Amino acid sequence: MNNGEVLLNVEKLEVVYHNISTAVQGVSLQVRQHQIVAALGVNGAGKTTTLRAISGFLGTDDAKVTEGKIEFMGNSIQNKPPHAISMKGVLLVPERDKLFENLTVEENLDVCTPLAGTKLSRKDLLERVYTYFPVLGNLKSRLGGYLSGGERQMLAISSAILCGPILLLIDELSLGLAPLVVEELLNLLKVIRDEQDVTILLVEQNAMAALEIAEYGYIMENGRIVFAGDPERLKSHQDIQEFYLGQGDRESRKSYRDVKQYRRSRRWYG
Ligand SMILES: Nc1ncnc2c1ncn2[C@@H]1O[C@H](COP(=O)(O)OP(=O)(O)OP(=O)(O)O)[C@@H](O)[C@H]1O
Ligand SMILES: [Mg+2]
């Protein structure tokens, strides 16, 4: 597949929990080969549910894709089990439970092995992991459960890299991390994308940080996509600046839709 071709195609996706609660409604998004794409939105927007639908990790929560399609490299992957999807090269770095707490850093990495077709050997991938995250080299014998938030995130990303992914899905890289650590990790993701030729779909509440490295962004709200565009367009859009990027009177408005309606009504009543 060539750079720029559609790698992941999600169309009109609907995901329902427990047969009654619709968490994602009509979400369409595309990720192109070698791109970094960000899906942004506040709590409960449906970001994690979308990533779980793509990666197949829905079953444990009694959730189903009830409408729409998910295609990876032109093949349908919706409602397939997680192992079948990860064997195709789609790897999820989840929001929570991202490592084995009772295993050491080295043992956590020992359980990961490259998928069939991965160009680099396990030895070479491991060497790269320790180059990207030298701190992990100094913590080889530390238990996963004792790692800091940033170290956990590094270990989770490293575990995914060791599988030789084609598409990396990362859920809330910035969660609980200091701004400088977030910046460092995001910049490293760009390096990893280039050196490992991996495509990245990043889910983030921290819109500003994610838009620093993403080449395209989707804004989600209440299970829907409410806006999409390249980072410059998103950052310069006044409504988005007000609601997502912390500029303007955020407290007084409940949602991006409210901001839009507020603007329309002002325009209407002049
Ligand atoms: N196991 C579940 N059972 C029922 N509803 C769920 C379940 N998990 C999530 N939901 C609901 O689905 C909706 C979307 O949740 P989701 O976790 O996808 O949002 P999110 O955008 O990832 O939010 P956050 O930024 O807080 O992680 C929410 O209304 C949530 O309450
Ligand atoms: Mg989430």
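Just above sits the structure.
Keep in mind that what you see is a predicted model, and the values were worked out from it rather than measured.

Rules of the game
Residues numbered from 1 in each chain as written. Chains lettered and ligands numbered in written order. Predicted model: local features only at pLDDT ≥ 70, side-chain atom pairs only at ≥ 80, totals over all residues. Heavy atoms only, no water. Helix = DSSP H or I, 4+ residues; strand = E, 2+ residues; numbered from the N terminus. Rg over C-alpha atoms; globule rule 2.2 N^0.38 Å. Buried < 20%, exposed > 50% of the residue type's maximum accessible area, 1.4 Å probe, protein only. Contact = heavy atoms within 4.5 Å. Areas by Shrake-Rupley, 256 points an atom, 1.4 Å probe, with all protein chains shown as cover. Lys, Arg positive; Asp, Glu negative; His and termini not counted. Charge placed at Lys NZ, Arg CZ, Asp CG, Glu CD. Donors = N, O, S within 2.8 Å, 3.2 Å for Na, K, Ca; no water. Expected span 1.5 Å × (residues − 1). Arc of directions from axis to C-beta. Core = buried A, V, L, I, M, F, W, Y, C linked by side-chain atoms within 4.5 Å. Pairing = 2+ DSSP bridges. Axes fitted to C-alpha atoms, helices over the stretch in contact; angles between N-to-C directions.

Enquirer: Summarise the overall build of the protein; cite the residues concerned and give the values.
Expert: Of regular secondary structure, the protein possesses eleven helices and ten strands. In terms of overall size, the protein behaves like a compact globule, its C-alpha atoms giving a radius of gyration of 19 Å where 270 residues would be expected to give roughly 18 Å. The 270 residues of the protein split such that 49% are buried. Sequence-distant contacts in the protein: of pairs separated by 6 or more residues, those separated by 24 or more amount to 67%. Of the roughly 13,200 Å² of accessible surface on the protein, 48% is carried by carbon and sulfur atoms. Of the charged side chains in the protein, 31 are positive and 34 negative; the average position of the first set lies 5 Å away from that of the second.

Enquirer: Quick rundown of the coordination of the magnesium ion (ligand 2)? Include the residues and the values.
Expert: Protein coordination at the magnesium ion (ligand 2): the donors are T48 (OG1) and E95 (OE), at 1.9 to 2.7 Å from the metal. One end of the pair, T48, is in helix 1 (residues 47-55); the other, E95, is in the loop between strand 6 (90-93) and helix 3 (105-110), and 47 residues separate them in sequence. A relative accessible area of 18% places E95 in the buried class.

Enquirer: I'd like to hear about helix 7 (residues 179-196), residue by residue, with values.
Expert: The first and last C-alpha atoms of helix 7 sit 25 Å apart over 18 residues, in line with the 26 Å expected at 1.5 Å per residue. Within the span of helix 7, buried status applies to V182, L185, L186, L188, L189, I192, R193 and Q196. One side of helix 7 holds all its buried residues, which, seen down the axis, span an arc of 165°. For helix 7, the exposed residues set more than 90 degrees away from the buried face come down to P179, L180 and E184. Buried residues along helix 7 sit in contact with strand 3 (36-40), helix 4 (122-132), helix 6 (149-162), strand 7 (167-171), strand 8 (199-204) and helix 8 (207-213). Taken from the residues just after helix 7, D197 is the one with a positive phi, measuring 50°.

Enquirer: Account for the nonpolar core, with residues named and values stated.
Expert: Core analysis: the biggest nonpolar cluster contains 50 residues, and F133, L189 and L202 have the highest contact counts within it. Looking at which element gives the most residues to this core, the answer is helix 6, with seven residues. In contact with L189, other than residues within four places in its own chain, are I157, I170, L173, I200, L202 and I213.

Enquirer: Account for the sheet that holds strand 1 (residues 6-17), with residues named and values stated.
Expert: The strand order across the open sheet built from four strands is 2-1-4-5, with neighbouring strands paired in antiparallel fashion. Each of the sheet's edge strands pairs with one partner strand only, and the pair in question is strand 2 (21-32) and strand 5 (75-76). The sheet contact formed by strand 1 and strand 2 spans nine bridges and is antiparallel. Bridging from a neighbouring strand, N9 pairs with Q30 of strand 2. Helix 1 contacts strand 1, strand 2 and strand 4 (63-72) of the sheet and is inclined by roughly 115° relative to strand 1.

Enquirer: Can you tell me about the pairing of strand 4, naming the residues and giving the values?
Expert: In terms of strand pairing, strand 1 meets strand 4 through eight bridges, oriented antiparallel. Note on strand 4: the bridge partner recorded for N9 is E71. Here strand 4 runs beside strand 5; their pairing, made up of two bridges, is antiparallel. Bridging from a neighbouring strand, F72 pairs with N75 of strand 5. Counted between consecutive antiparallel strands, the loop separating strand 4 from strand 5 contains two residues, among which M73 sits at a positive phi close to 50°.

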